[in-house]
Amino acid sequence: MINLPLIPLLIPMLFAVILLFFPKRIILQRAVATGALALTVLASFWLIYEVYTGGILAVTLGSWPAPFGITLVSDLFSALLVSTSSIITLFVVLYSFESIRKEREKFYYYPGVLFLLTGVNGAFTTGDIFNLFVFVEVLLMASYLLIVLGGEKAQLRESIKYILVNVISSALFVSAVAYLYSVTGTLSMADLAVKIPQIEAVGILTVIAVLFLVVFGFKGAIFPLYFWLPGSYHAPPMPVLALFGALLTKVGVYAIIRTYTLFFTMNTGYTHELLSIVALLTIAAGCIGALAYFDVKKIIVYNIIIAVGVILFGAAQLTEAGIDGAIFYLIHDMMIKAALFFLVGIVAILFGTSDLRKMGGLMKTRPALGWFYLIAAFGLAGIPPLSGFPGKLLIVQGGFEDLKLWGSLFVLASSLLVLMSVIRIFLYAFWGDPVETVKIKEPVFRRMFYPAAGMVILTIVLGAGAEWFMPLISGAGEVLLNPSFYIDAVLKE
Amino acid sequence: MEIFMSVLIGFLFMAAVYLMLSKSLLRIIIGTAVLSHGAHLLILTMGGLGGRKPPVVAEGVTVADYADPLPQALILTAIVISFAVTSFFLVLAYRAYQELGTDNVNLMRGTEDYD
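These numbers were taken from a predicted model, which means no experiment stands behind them.

Conventions we followed
- Residues numbered from 1 in each chain as written.
- Chains lettered and ligands numbered in written order.
- Predicted model: local features only at pLDDT ≥ 70, side-chain atom pairs only at ≥ 80, totals over all residues.
- Heavy atoms only, no water.
- Phe/Tyr/Trp six-rings, centres within 6.5 Å; stacked < 30°, edge-to-face > 60°.
- Helix = DSSP H or I, 4+ residues; strand = E, 2+ residues; numbered from the N terminus.
- Buried < 20%, exposed > 50% of the residue type's maximum accessible area, 1.4 Å probe, protein only.
- Lys NZ or Arg CZ within 6 Å of the ring centre and 35° of its normal.
- Contact = heavy atoms within 4.5 Å.
- Buried area = accessible area lost by both parts, 1.4 Å probe.
- Salt bridge = Lys/Arg side-chain N within 4 Å of Asp/Glu carboxyl O.
- Polar contact = N/O pair within 3.5 Å; in protein donor to acceptor, adjacent residues only side chain to side chain.
- pLDDT = per-residue confidence, 0-100.
- Patch = residues over 30% accessible without salt bridge, like charges linked within 9 Å, V, L, I, M, F, W, Y side chains within 5 Å.
- Areas by Shrake-Rupley, 256 points an atom, 1.4 Å probe, with all protein chains shown as cover.
- Expected span 1.5 Å × (residues − 1).
- Core = buried A, V, L, I, M, F, W, Y, C linked by side-chain atoms within 4.5 Å.

Chemist: Even after reading the chapter, I still don't get the packing of aromatic side chains, so can you show me in this structure?
Modeler: The way to describe two aromatic rings as a pair is by their centre distance and the angle between their planes. Applying the stated criterion to the full structure yields 30 aromatic pairs over all chains. Between the aromatic rings of A:Tyr144 and B:Phe88, the centroid separation amounts to 6.0 Å while the plane-to-plane angle is 25 degrees, which identifies the pairing as stacked. Placement of the pair is A:Tyr144 in helix H6 (residues 129-148) and B:Phe88 in helix H3 (residues 69-100), with the two residues belonging to separate chains. On the basis of relative accessible area, A:Tyr144 is assigned to the buried category, the value being 1%. When the ring of A:Phe218 is compared with that of A:Phe227, the centres are 6.4 Å apart and the planes differ by 80 degrees; the resulting orientation is edge-to-face. A relative accessible area of 12% places A:Phe218 in the buried class. The ring of A:Tyr293 carries the charged tip of A:Lys298 above its face, separated from the ring centre by 5.0 Å. The cationic tip of A:Arg366 hangs over the ring face of A:Phe445; the distance from NZ or CZ to the ring centre is 3.9 Å.

Chemist: Even after reading the chapter, I still don't get the interface of chain A and chain B, so can you show me in this structure?
Modeler: Many descriptions give the size of an interface as the accessible area lost when the pieces come together. In this complex, chain A contributes 33 residues to the contact, which on the side of chain B involves 35 residues. When chain A packs against chain B, the two sides together hide about 3,200 Å² of surface, and 79% of this comes from carbon and sulfur. Summed over the three residues of chain A that lose the most area to chain B, namely A:Arg157, A:Ile160 and A:Tyr181, the buried surface amounts to 20% of that side. Seen at the junction of chain A and chain B, the total is zero salt bridges. Joining chain A to chain B, the criterion identifies one residue pair in polar contact (both at pLDDT 80 or more).

Chemist: Can you help me understand the confidence of the model for chain B in this one?
Modeler: Residue and element names in this part refer to chain B. The share of residues in chain B with pLDDT of 70 or more is 95%, and the mean pLDDT across the chain is 87. When pLDDT is averaged over each element of chain B, helix H1 (residues 2-20) comes out on top at 95 and H3 at the bottom at 92. This complex was scored by the predictor with a pTM of 0.95 and an ipTM of 0.93.

Chemist: How do you make sense of a nonpolar patch on the surface when you look at a structure like this?
Modeler: Residues and elements named next belong to chain A. Taken together, the side chains of Leu10, Met13, Val17, Leu20, Phe21, Phe107 and Tyr108 make up a nonpolar region of the molecular surface, amounting to roughly 670 Å² of accessible area. As for its placement among the helices and strands, Val17 is situated in helix H1 (residues 7-19). Val17 gets classed as partly exposed once you look at its relative accessible area, which sits at 36%.

Chemist: What is the right way to look at the pattern of salt bridges in this model?
Modeler: Two side chains with opposite charge may pair up if their charged atoms get near one another. All names here are of chain A. Taken as a whole and judged by the stated rule, the model has 15 salt bridges over all chains. Residue Lys195 pairs with Asp191 through a salt bridge whose shortest N-O separation is 3.1 Å. Of this pair, Lys195 and Asp191 both sit in helix H8 (residues 189-195), four residues apart, roughly one helical turn. Judged by its relative accessible area of 8%, Asp191 is buried. The shortest N-O distance in the salt bridge between Lys337 and Asp333 comes to 2.7 Å. With a gap of four residues between them, Lys337 and Asp333 both fall in helix H14 (residues 320-351), about one helical turn apart. Owing to a relative accessible area of 0%, Lys337 belongs among the buried residues under this scheme. Classification of Asp333 by relative accessible area gives buried; the value is 0%.

Chemist: Just to check I follow, could you spell out the side chain of B:Thr102 for this structure?
Modeler: Residues and elements named next belong to chain B. One can find Thr102 in the segment after H3. At 3.0 Å, the side chain of Thr102 forms a polar contact with the backbone nitrogen of Asn104. Excluding residues within four positions of it along the chain, Thr102 makes contact with Ala96, Tyr97, Leu107 and Met108.

Chemist: Whenever I open this one, H14(A) confuses me. Can you help?
Modeler: One full turn of an α-helix is made of 3.6 residues, so residues set three or four places apart face in the same direction. In this model, H14(A) (32 residues) spans 46 Å end to end at C-alpha, consistent with the 46 Å of a helix rising 1.5 Å per residue. Following H14(A) by one or two positions, A:Gly352 has its phi on the positive side, about 70 degrees.

Chemist: What should I look at first to understand unusual backbone geometry in this one?
Modeler: Leave glycine aside and you will find that most residues have negative phi; peptide bonds, for their part, are mostly trans. All names here are of chain A. Backbone torsion omega between Phe223 and Pro224 reads -5 degrees, so that peptide bond is classified as cis. Cis geometry is found at the peptide bond from Pro384 to Pro385, where omega equals 10 degrees. Within the secondary structure, Pro385 is located in the loop between helix H16 (367-381) and helix H17 (388-401). At Arg101, a residue that is not glycine, the phi angle is positive and equals roughly 75 degrees. By the secondary structure assignment, Arg101 is in the loop between helix H3 (76-99) and helix H4 (102-106). The partly exposed category is assigned to Arg101, whose relative accessible area is 43%.

Chemist: Even after reading the chapter, I still don't get the nonpolar core, so can you show me in this structure?
Modeler: What tends to happen in soluble globular proteins is that the nonpolar side chains get buried as a cluster. Residues and elements named next belong to chain A. In this structure, Phe212, Leu369 and Tyr373 are the most contacted members of the largest nonpolar core, which totals 223 residues. The biggest single contributor to this core is H14, with 21 residues. Setting aside residues no more than four positions away along its own chain, Leu369 makes contact with Leu343, Ile346, Val347, Leu350, Leu362, Phe430, Phe445 and Phe449.

Chemist: I keep staring at the side chain of B:Thr32 and nothing clicks. Help me out?
Modeler: When you line up the elements, B:Thr32 lands in helix H2 (residues 25-46). B:Thr32 gets classed as buried once you look at its relative accessible area, which sits at 4%.

Have a look at this one:
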């Protein structure tokens, strides 16, 4: 099956087009979207199996030989991320049934979600830097639709800023690609990895590497380019927020990790040092935000920024422990963020507000929700044996090996602040005097709660069964640390 | 020729930044369009402006005569994308103007449901 890397892209795209034909038939929309995503998940598991047993898969579109045509490459890193994002999208759709409202479902909500997944999976799979830009635009177009869908005042206001920031970063992306092309004469990532070490003008390549860091930093919300994120992510409804929080920033993070391990390795003393400093500043900025607000959405949104910093600190080390930790933490963070947004969304619906000070006493009426939230909060902070622990352990260990003692201590200290920020939600919303909650029907509650609980259980499996997943993670890390594997797989002919 | 193009691209970027820093939403959108034009011209220029023959193998044409086809393909893709984004942005701006009653971004600084 030589075209296997294409299948997790094609299934959501095909079904999204089909869904466009009957927007008003909600039951059918739900069924087709769920079926399409289940198929995507199965295809992505198959992809992992094939890549794990048979090595990196590369498809050259139109059979143009590798450095000239566009290549799609599935190594373990990209296959793992494709699977994780497909699973999360499936759960988001299940969670949406009761929480997105019928008006949105009638106006192309499900096609939007599927097109977003097409863009995300494409960005994770592509082996061509300009094609990466195209897939990022695909997912951004879908995200523009999802962020404004519903047309509430706050949504319109915030989506203007969101689109403006992304248009500017896209223009910078095109400019950065132009500079890279003029210096190297190629855009295929594998070919770049061959050509860049041969170029003597390290200075100009360093400038281009930093320009790419700025571009991907806009998407990935690193310090100081995260300013747009808290406002924009506050506006859309909770399922969309869960989708954005889990997937969109991670595309930027993926692109930084891919480019900074595969070909921008000519001046690591400057670029990777810069990356680790920026990562630590990102953690600091996120911690301040996470502790400053009384709004449950804002607290979790700032936790996205903290996690981006932690992942990039691991990736900046270029040691085995650091890279493996970054990959594990990336997958963990995508899942735990989705789970937390689901749970917090239910809490916000129950109280009719997202302000913590107007909440209280939910533990007495909804104990299961409380316990699952507590598990997810501990998982986010990295308490063993939950899923945040192995990744953070490896990242901190990598920092010690790479003589970044203070950085590692800083990451450890930030874990305490992360724990404090999410436990505050627990203290306010679940403990204290009971506050009157909005009456929602029991089946409706269950249909929102089961996907959320399922997501939490998946993170528990990821954490407790870390030993089973480690071969996959270290296989992914091995390719990142040895670009020659990637180059040989793409340029084999 | 490359120098002239660089100056032109710089001028387009400057005009775009000026427009995007203004308060009217329409000017901002025109600014994003100008910015993407600058980026597209940048690709064309960075690919090298030499080459007068189409990139097709033919009698008596050497590699030095070819125009580089790749930047043109990239520009075409980028133009289509920025065209779509700009039209979406214009529709969104009109809808926001109807809903919010203003096109002044200074007045869109609301954070009403949290402190």
